[in-house]
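Examining the three-dimensional arrangement
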Amino acid sequence: MDTQKNTQKNTQKNTQKNTQTDTQPDTRSGAGPGSAGTARIVGIVWGLLVLNTLGSAGAKTIVPLPRSLIQMVTMGALVAAFALALTVNVRLRIRASAYLLLLTLLLVTSVISSANLESGFGALFRCFRLALFVGTLWLLSRWWDGSLTFVRHHIRAYFAVLGSVALGLVVSPGAALPDLYGGRLVGALWPLTPPQIGQYAAVIIGLTVLLLLGHRTDRTSAAVVIVPSFVLLALTHTRTATLGLLIGLALAIGSLILTSAAARRFFTWAVLCGVVAAVGFASALQTWFLRGQTKENFSSLTGRAKVWDALLSAPRTTSEKFLGVGLGDKSFGGLPIDNSWLAVYNEQGLAGVTLVAVIIIVLGGVALLRPPSLQRACAIFLISYCAIASYTEAGLGDASPYLLHLALAASLLAAPAAATPLSTPELPRRSEVT
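The rules we used
- Within any chain, residue numbers begin from 1 and follow the written order of that chain's sequence.
- Two thresholds apply to this predicted model, a pLDDT of at least 70 for residue-level local features and 80 or more for giving and counting side-chain atom pairs, whereas whole-chain, interface and lining totals are computed over all residues.
- To obtain the side-chain values, all non-hydrogen atoms of the structure were included, while hydrogens and water were left out.
- Only DSSP runs of H or I reaching four residues or more are called helices, and only runs of E reaching two or more are called strands; each is numbered from the N terminus.
- Any residue under 20% of the maximum accessible area for its type is buried, any over 50% is exposed, and the rest in between are partly exposed; the area is computed with a 1.4 Å probe on protein chains only.
- The contact rule is simple, with two residues in contact once any of their heavy atoms fall within 4.5 Å.
- A fitted line through C-alpha atoms represents every axis, and for helices the fit uses only the stretch in contact; the resulting angles, taken between N-to-C directions, go from 0 to 180 degrees.
- Oblique is the label for any angle not covered by the other classes, which are roughly parallel (under 35 degrees), roughly antiparallel (over 145) and roughly perpendicular (65 to 115).
- By the definition used in this description, the sense in which the near helix is turned from the far one sets the handedness, with an anticlockwise turn below a right angle giving left-handed and a clockwise turn giving right-handed.
- A side-chain nitrogen of Lys or Arg and a carboxyl oxygen of Asp or Glu constitute a salt bridge if their distance falls within 4 Å.
- Aromatic rings from Phe, Tyr and Trp, with only the six-membered ring used for Trp, were paired whenever their centres fell within 6.5 Å, and each pair was classed as stacked if the ring planes differed by under 30 degrees, edge-to-face if by over 60, and tilted otherwise.
- In this analysis, the expected span of each helix is defined as 1.5 Å times one less than the number of residues it contains.
- Two N or O atoms form a polar contact when they lie within 3.5 Å of each other; inside protein one atom must be a possible hydrogen donor and the other a possible acceptor, and for residues adjacent in sequence the pair counts only when both atoms belong to side chains.
- Throughout, the arc means the angular range of directions from the helix axis out to the C-beta atoms.

Tallying secondary structure elements over the protein chain gives 19 helices and 2 strands in all. By residue count, 44% of the 434 residues in the protein chain fall in the buried class. Of all intrachain contacts in the protein chain linking residues separated by at least 6 positions in sequence, the fraction that spans at least 24 positions is 76%.

Here's what the structure looks like:
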């Protein structure tokens, strides 16, 4: 009897020891999904995706860069991102994602609409780029666990881009504030337009403010990001980015008011400062907002409305209405469309518009159903910002920063991965031993 009891105790101890050993995380570099080496590679992949979405058209730089060279760098960054993502996810482990599923359907629609080559062979190349972009996001979905890890990757990557803009402003103020753009800030080292810079600045300002309210960063680190980014945003005179930042932050902080005292204090002070600024600096704010435009030019959204009217009134076949003309450069009649919905309608038809609308609705609906949290607030900010910017900016139908912002929102809304319980051998019952 004693021998059997001792045997049972030893078996239990060995089982517990083995279980503890098996459940301890492997901290070796690159050993698993949570290792330090893998985390660094995932961050690099996200940064390469940001580099790919910077685009190849913009202002004149201090050192002229051939467009072919810029396209080689951006496309090379996407290929490298896909290759690195594949190296850390060799077994192709992915997580279910409604956002990525809808993006995949949008890719299929784009391929079908581009197959007739109405927009030339460039349409098929853009489909290939979108396929690599979506494929890389699928590979990264393994690490989408609702944490703030990708938020930090997002802020670091775009802050580095803004650093290049600030450096160009210091090196050559004339090139960074050219008369061609009405004295608005552009990229002097890398060809970036004022709306691009304004978008990047607004997004990282909003995310950093939310991290500060959630006590996930200190005030010094937040100020290092927010203050220079706000200065760059002001120099771009970008109204869409400014409105997106203010409305997006209001909605995000509003989702935290009931559960966060810091959010309530910030919201109160923001309202008071906004009222004081509106009263005391009304004239300066109006001048900044109008950018020296006439009322007619302002009412037509800087000429955008004319392009929109021409696009909507142009004759289209049934196929073009439902599937579009294929992926292009987001222009019509040689002029930029500057509206995500009309750009998608032109290139991917009503089918594409429906898919993009479902993406926004699904992400927004999931965010509203989640309990209040910092991750939910960040997702609400990103979704609302993209929805607001879609009225005067294109990008929701192709590989772009906007799709990357929404991918970040999807990663924040993902449920944490459940740990798989380890199977342990069933021990004999006491009655059976005795």
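Moving on to the packing of helix 8 (residues 194-213) against helix 18 (residues 401-413). Between helix 8 and helix 18, the shortest axis-to-axis distance is 12 Å and the interhelical angle comes to 15°. Classified by the angle their axes make, helix 8 and helix 18 are roughly parallel. Where helix 8 crosses over helix 18, the two elements pack in a sense that is right-handed. For the pair helix 8 and helix 18, contact is made by Q199, Y200, V203 and L207 and by P401, Y402, H405 and L408, respectively.

Under the criterion given, the structure shown has 4 salt bridges. For the salt bridge of R304 with D338, the shortest nitrogen-to-oxygen distance reads 3.6 Å. Here R304 is found in helix 14 (residues 304-313), whereas its partner D338 is found in the loop between strand 2 (335-336) and helix 16 (340-369), with 34 residues between them in sequence. On the basis of relative accessibility, which here comes to 21%, the residue D338 falls in the partly exposed class. A salt bridge links K330 to D398, with the shortest nitrogen-to-oxygen separation between them at 3.1 Å.

In total, this model carries 4 aromatic pairs according to the counting rule given. Both rings, one in W308 and one in Y391, keep their centres 5.4 Å apart while their planes meet at 70°; by these two values the pair is edge-to-face. Placement of W308 in helix 14 and of Y391 in the loop between helix 17 (374-389) and helix 18 is noted, with a sequence separation of 83 residues between them. Overall, the relative accessible area of 8% leaves W308 in the buried class.

Take helix 11 (residues 261-280) next. With 20 residues, helix 11 should reach 28 Å at 1.5 Å per residue; the first-to-last C-alpha distance of 29 Å fits that figure. One side-chain oxygen of the residue at the start of helix 11 lies 3.5 Å from the amide nitrogen of A262, identifying that residue as S260.

Those residues of helix 14 that fall on the buried side of the exposure criterion are R304, V307, W308 and L311. The buried residues of helix 14 occupy an angular sector of 100° when projected down its axis, which confines them to one face. Of the exposed residues in helix 14, those oriented more than 90 degrees away from the buried face are K306, D309 and S313. The elements touched by buried residues of helix 14 are strand 1 (331-332), strand 2 and helix 16.

Limitation: the analysis is restricted to geometry and does not speak to function.
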